[in-house]
Every structure is written in C-alpha cells, then in structure tokens.
Amino acid sequence: MPNLALSKTTLCPHQVEKQRSGIALITIGNPLRKDDGIASIVADGLSLDVKEELCRFDLETYSQFLMDCLVYHQVAVIMDATAEKAKPGDLTILDLTAVMDRKNNVDLKSCHGLSFMDELKMARNQNFLPDKVYFFGIEAENTDWGKGLSMELETKKEELTQRLEQFLKSIFIQIGL
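Owing to the predicted nature of the structure, the values given are computational and were not obtained by experimental measurement. (Residues numbered from 1 in each chain as written. Predicted model: local features only at pLDDT ≥ 70, side-chain atom pairs only at ≥ 80, totals over all residues. Heavy atoms only, no water.)

Quick look at the packing of aromatic side chains
For the structure on display, the rule yields two aromatic pairs. With 5.3 Å between their ring centres and 90° between their planes, Tyr-134 and Phe-167 make a pair best called edge-to-face. Note that Tyr-134 is positioned in strand E6 (residues 132–139) and Phe-167 in helix H7 (residues 151–175), a separation of 33 residues in sequence. Ring geometry for Phe-136 versus Phe-167: centroids 5.9 Å apart, planes at 40°, classification tilted. Pair noted here: Phe-136 is in strand E6 and Phe-167 is in helix H7, with a separation of 31 residues, a long-range link. By relative accessible area, which is 0% here, Phe-136 ends up buried. A relative accessible area of 14% places Phe-167 in the buried class. Feature note: the residues Tyr-134, Phe-136 and Phe-167 constitute an aromatic cluster, connected by ring pairs. (Phe/Tyr/Trp six-rings, centres within 6.5 Å; stacked < 30°, edge-to-face > 60°. Helix = DSSP H or I, 4+ residues; strand = E, 2+ residues; numbered from the N terminus. Buried < 20%, exposed > 50% of the residue type's maximum accessible area, 1.4 Å probe, protein only.)

What to know about the pairing of E6
The buried fraction of E6 is high, at seven of eight residues. Summarising the sheet, strand E4 (residues 75–82) and E6 pair through eight bridges and their orientation is parallel. Along E6, the bridge assignment pairs Val-75 with Lys-132. By the bridge criterion, five bridges tie strand E5 (residues 91–95) to E6 in an arrangement that is antiparallel. Within E6, the position partnered with Leu-91 by the bridge is Ile-138. (Pairing = 2+ DSSP bridges.)

Structural notes on the side chain of Asp-35
Mapped onto the elements of the fold, Asp-35 is located in the loop between strand E2 (23–28) and helix H2 (38–44). Engagement of the side chain of Asp-35 in a polar contact is seen with the backbone nitrogen of Asn-142, the distance being 2.9 Å. (Polar contact = N/O pair within 3.5 Å; in protein donor to acceptor, adjacent residues only side chain to side chain.)

Quick look at the nonpolar core
Ranked by internal contacts, the top residues of the largest apolar core, which has 25 residues, are Leu-54, Val-77, Met-79, Ile-138, Leu-168 and Ile-171. Secondary-structure elements contributing two or more residues to this core are E2, H2, E4, E6 and H7. If we skip the residues at most four places from it in the chain, Ile-171 touches Ile-23, Val-75, Val-77 and Tyr-134. Among the nonpolar cores identified, the runner-up in size contains 22 residues, and Cys-12, Ala-24, Ile-28 and Ala-76 belong to it. (Core = buried A, V, L, I, M, F, W, Y, C linked by side-chain atoms within 4.5 Å. Contact = heavy atoms within 4.5 Å.)

A look at the environment of Pro-31
Position of Pro-31 among the secondary structure elements: in the loop between E2 and H2. Overall, Pro-31 belongs to the partly exposed group, its relative accessible area being 39%. As a C-alpha pair, Pro-31 and Thr-61 span 30 residues in sequence and 8.8 Å in three-dimensional space. If sequence neighbours within four positions are ignored, Pro-31 has contacts with Gly-37, Glu-60, Gly-146 and Lys-147.

Below, the structure is given as structure tokens:
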C-alpha cells in the first residue's frame, strides 16, 4: 500500500472499502506554536517501510475531523503534544479503547481543546471506531507562538521517532502485517 499523506478532506482506500483494515496515524498540532507541532515532525521521520503500512492524516489544528480519519480502520494511533507537567519529550501511551470500556474518564491534557474521549464515544456510537485506538502523546516544553521546536525537543526528535516506530511495529505484529 502506498504511503498516504492525506489532507483533512481526502479519503484513504480503507474509508471507501467499508471494511475495517489498515492503520491510521493521525497527527494533531499547530506547527506555528513551537512544540505543539511535534507529532507531525516525529511522524515525518519514520522509515519508508513503516510509512508504507500507514494511512496518515495530519490534522494540524482541525481536530474536528478526527472521526472522519478513524472510520473503517482496524487500528488508529492519535499523536499530539501533551501538557502533563512532565519532562519535555516524555511519552504518554494509552490504549484509549480499554479506557473507553471502563466507566471512568481519563484526564488527558493535550495541547488542544479537543476532548478525545467525547470524539471517540461519538465514533463508537456511529460504529466508526477502529478495533483499537491508541494515544501517543509527547510532552511539550514550549507552545508559545513561533516556528521550530524547543531545543529540548529538537535534541530528542530522533529518539521519539524511534520510539514511535517501535510502537507501530509492535502493532503491525499484533494485527499480522
């Protein structure tokens, strides 16, 4: 399958087949707010063999299109910067499907106003939710207006890309790719 870097309105083959398959990698973040754009930058560094297995959606600040990206995929990985007051570059990896099965909500502090759990519940109600949904959050240091990453994240972006690649490869093994 070719690497698909899709806009917010483009469909991927899985969305028109109407049969759950494939992996959606969804990045969220404003590239004009320094570290808030880390998700897309880290995803850009993935190796070609990993990229070829993904349907990639770069939502930037248009997180209201999240549900459109989820539809008919077997697995989704949502990436965003977090503001958990941890060390810059620390990762938060959550199985959001498992969290949804519990009755308590997770307090996920992304750098956006989007409530992932509300979006995911709406997707589940419309039968759009993939079998598995993961959150891959990267702790930001600076989300002020401006281009470029903080020095802290700039020095960690290759390591973060390697961690994302390892995580995605573990998903490939789980679903038999």
